[in-house]
Each structure stands twice: as structure tokens, then as C-alpha cells.
Amino acid sequence: MFPTTRLRRLRYHPAVRELTRETRLSSSNFILPLFVRPGKNLREPIAAMPGHDQMSPDLLVEKIREAAELGVGGVILFGIPAEKDARGSDAMSDEGIIAQAVRAAKQAAPGMLIITDVCCCEYTDHGHCGIIGDSTGRMDVENDPTLELLARQALVQARAGADMVAPSGMIDGMVGAIREALDGAGFSHLPIMSYAAKYASAFYGPFREAAESAPQFGNRRGYQMDPAAAAGQAMREIELDLIEGADIVMVKPALPYLDIIRMAGERFPGVPLAAYNVSGEYSMVKAAAERGWIDEKQVAVESLTAIRRAGAGIILTYWALDAARWLAEI
Ligand code: PBG
């Protein structure tokens, strides 16, 4: 006890602080989300996410090269198709926007880890994450018929050259269906990063502008998790995805769900754990920083550190490029 014990001794010298740091960030653990749309030399700024744009494949590959140079661990691609329909056909076509983008990316930066989001919401005209039906009497995503679509999407992405696929729809059985499809087509080596514990969150607002994927009716509460559900339900989601063959599991969003990240890390040691520092988490900081109310760099690094400390080894973040630069400066 004081005065014998003085924890400030661990803080008085910058070198002592540095020596006793446990949580380290590295750009190789960041994944940068990117939005691609058809066209040439096209850059469409995303108003709610300053610093991010929808890009045509030619500009997308420049960003990917930049990410590679900065040592960013990977990119995850979201496609915005020229045409949307009820089944999200563009995502299931070898000539669709995501297939084109992956081919361009692999050609421009062969060593870069290219991950693809497997979900229908960016590609459907109704904006939901699967086939809509009313078998429950509530007009919702029909679970089992959607599995076939997701499997077909994953195959298109794998054929185009994706290095990893990331199903994000919270459809029961999605990981198993994709694993089976990939294995049957010679892609048994491709890892699946599952959005295993994904909550129905208002923090996705800016992303839905970015991906033009806002549901045209209703909401996603019939498939994404209830924020107020017992934390143990997230563990069940993760466990099931692992049984179905997930290689990496994700908790999403990140900052409001650090308890879930912590619990998942403790419950599933040895399973690579990712967290998605989502659009709303980014936009709030950007907006406050623009007003001069907070320091973007410090808040972002502190947030990423907290996510890492909670137990996420992999962080999907819109700050991936900036943070890689900031870390290099330090
Ligand atoms: C669904 C998907 C979403 C995000 C990633 N994949 C949005 C949603 O569920 O509506 C959100 C990411 C973010 O907010 O940054 N394909």
C-alpha cells in the first residue's frame, strides 16, 4: 500500500511506459473495407464517411496497392452493382461487379489478401440479406432458400480469385453451406471468416449509404442479433459457426460490444477473432473531429487499442490506412 506501493513508478518515464505496454497494434492485423461500383475512373465520395469513396475497379486497385505498401493485412470488398433485383443476381454472376473487382485486384496486387463479403443486401432491390418471403407471416428473409444464393456467391468470388470469403448475413447454416460448396469445387483451402456474432445495430447507418443497401421495408432484426440478448447467445452463434467450418470468427460492431469480444476470446482460445469497427463508430469520430471537439488520430488509436486489448487479433477498420501511417510515425 501507499507509500510503499506507487503505481506511478510504472508511468514516470516514457521508456518504462513503453516497456510495460502489452497491447500493440500492427497494420498487418488491419483489414480495410472498400466499396466498388462499375465504371471507369469513377470516384463517388461517401458523404457520411469522409475519406471513403465508392470506386470503379481501376481506382480500387490503386487503393489496394497503397494498402499493400503500408503493410495492411487485407482488404474486404463490397460491390454495388449496376442493377439490383430480388435475388441479387449480380453477385452470382462471373461478370458481376464483385467478380470483376476481385480479378482486377488480384492482377494489380497479387500478394494482397483479398477478402469478399458474402451477402445479398448490396445486390438486392429490397436491400435485405436474402430471399424475401412471408412463410413466418412477417415478410422476412427466408432462411434455407437463401443458403443456395450465398453458396453461389462464394463460388463466384472464389473463381474470381478471392483469398477468403466472409459471410455477413446471419443466416442459420450459412457457413456450412458455403464450406460445402467451396469444398465441392476445389476450394477446400479457402478460409471462411464468419460474421458470427453480428448485432442488429444502428451503427451500420453510414455503411448502408456507402453500399446503398438500406432495407426498403422493415429492418434486420429477424436475422441479426438483438443487442439486449444474453451475451451467451453470441457464444452459441460462434460455436455453431465453428462447427460448420468457420476459420475466423467476427464480432460486430466492436466498441459497443467489447464485452462480447472479451468473452469470445476467453471461450474460444486459439480461434482467430476479428472485430468490425463499423461505419458508425468511424463517422461519429470524424464528425466530432471536424468540429474540433476531439482529436481524430488519438481517439482512433485509443479505440483500436481497446478493441485489440479486449481480445480481437484482427480489426476491420475504415482507419486501416491512416492507422498504418500513424503507427509508422510513432
Ligand atoms: C451486410 C454488411 C453490413 C456491414 C457489413 N456487411 C451492413 C448491414 O448489416 O446492414 C456493416 C459494416 C459497417 O457498418 O461498417 N452485408
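Everything here concerns the structure above.
What counts, and where the lines are drawn
Residues numbered from 1 in each chain as written. Predicted model: local features only at pLDDT ≥ 70, side-chain atom pairs only at ≥ 80, totals over all residues. Heavy atoms only, no water. Axes fitted to C-alpha atoms, helices over the stretch in contact; angles between N-to-C directions. Helix = DSSP H or I, 4+ residues; strand = E, 2+ residues; numbered from the N terminus. Contact = heavy atoms within 4.5 Å. Nonpolar A, V, L, I, M, F, W, Y, C, P; charged D, E, K, R; others polar. Buried < 20%, exposed > 50% of the residue type's maximum accessible area, 1.4 Å probe, protein only. Core = buried A, V, L, I, M, F, W, Y, C linked by side-chain atoms within 4.5 Å. Near = heavy atom within 4 Å. Polar contact = N/O pair within 3.5 Å; in protein donor to acceptor, adjacent residues only side chain to side chain. Areas by Shrake-Rupley, 256 points an atom, 1.4 Å probe, with all protein chains shown as cover. Pairing = 2+ DSSP bridges. Right-handed = clockwise from strand over helix to strand, strands pointing away. Salt bridge = Lys/Arg side-chain N within 4 Å of Asp/Glu carboxyl O. Expected span 1.5 Å × (residues − 1).

## Examining the packing of helix α8 (residues 258-267) against helix α10 (residues 296-310)
Item 1. At a minimum axis distance of 8 Å, the contact between α8 and α10 shows a crossing angle of 35°. Residue-level inspection shows L258, I261 and R262 of α8 in contact with α10, the latter providing A306, I307, R309 and A310.
Item 2. Among the residues making up the contact of α8 with α10, the classes are represented as 5 nonpolar, no polar and 2 charged.

## Topic: unusual backbone geometry
Item 1. Residue P3 follows F2 across a cis peptide bond; omega there is 10°.
Item 2. Although it is not a glycine, N41 adopts a positive phi angle of roughly 50°.
Item 3. Located in the positive-phi region is M139, a residue other than glycine, with phi close to 45°.
Item 4. Judged by its relative accessible area of 42%, M139 is partly exposed.

## Description of the nonpolar core
Item 1. Membership of the largest hydrophobic core comes to 111 residues, with the highest contact counts inside it found for I64, L77, L182 and M193.
Item 2. Looking at this core, the element that brings in the most residues is helix α4 (residues 143-160), giving 9 residues.
Item 3. Apart from the residues within four sequence positions on either side, M193 is in contact with I31, I115, M164, V165, A166, P167, I248, M250, A274 and L316.

## What about the site of the ligand?
Item 1. The local shell around the ligand holds 19 residues, among which R208, Q224, K252, S279 and Y318 are the closest.
Item 2. D117 places a polar side-chain atom, nitrogen or oxygen, 3.2 Å from a nitrogen atom of the ligand.
Item 3. Within the side chain of K198, an N or O atom sits 2.9 Å from an oxygen atom of the ligand.
Item 4. Bound to the protein, the ligand loses 100% of the 400 Å² it would expose on its own.

## A closer look at the pairing of strand β10 (residues 248-252)
Item 1. By the criterion of burial, β10 is predominantly enclosed, with 5 of the 5 residues buried.
Item 2. Side-chain alternation along β10 places I248, M250 and K252 on one buried face and V249 and V251 on a second face that is also buried.
Item 3. In this sheet, β10 lies alongside strand β9 (residues 193-198) in parallel orientation, the contact comprising 4 bridges. When the sheet's bridge partners are listed, K198 is paired in β10 with K252.
Item 4. Two strands pair when backbone bridges link them, and β10 and strand β11 (residues 273-277) are joined in this way by 3 bridges, in the parallel orientation. Each bridged residue has a counterpart across the sheet, and for V251 the counterpart in β11 is A275.
Item 5. Each parallel crossover has a hand, and the one from β10 via α8 to β11 is right-handed.

## As for the side chain of S283
Item 1. Topologically, S283 is positioned in helix α9 (residues 279-290).
Item 2. Relative accessible area serves as the criterion here: at 11%, S283 is assigned to the buried category.
Item 3. Apart from the residues lying within four places of it in its own chain, the contact partners of S283 are A48, M49 and P206.

## Some remarks on the pattern of salt bridges
Item 1. Taken as a whole and assessed by the stated rule, the structure comprises 15 salt bridges.
Item 2. Residues R103 and E95 are paired through a salt bridge, measuring 3.5 Å at the closest nitrogen-oxygen approach.
Item 3. Given a relative accessible area of 34%, R103 falls into the partly exposed group.
Item 4. When its relative accessible area of 56% is taken as the criterion, E95 is described as exposed.

## Some details on the environment of Q100
Item 1. Within the secondary structure, Q100 is located in helix α3 (residues 97-108).
Item 2. A relative accessible area of 34% means that Q100 is categorised as partly exposed.

## With respect to helix α2 (residues 57-69)
Every α-helical turn comprises 3.6 residues, leaving residues that sit three or four positions apart pointing alike.
Item 1. The end-to-end C-alpha distance of α2, which contains 13 residues, comes to 18 Å, matching closely the 18 Å that a straight helix rising 1.5 Å per residue would cover.
Item 2. In the stretch just after α2, G71 is the one whose phi turns positive, near 80°.

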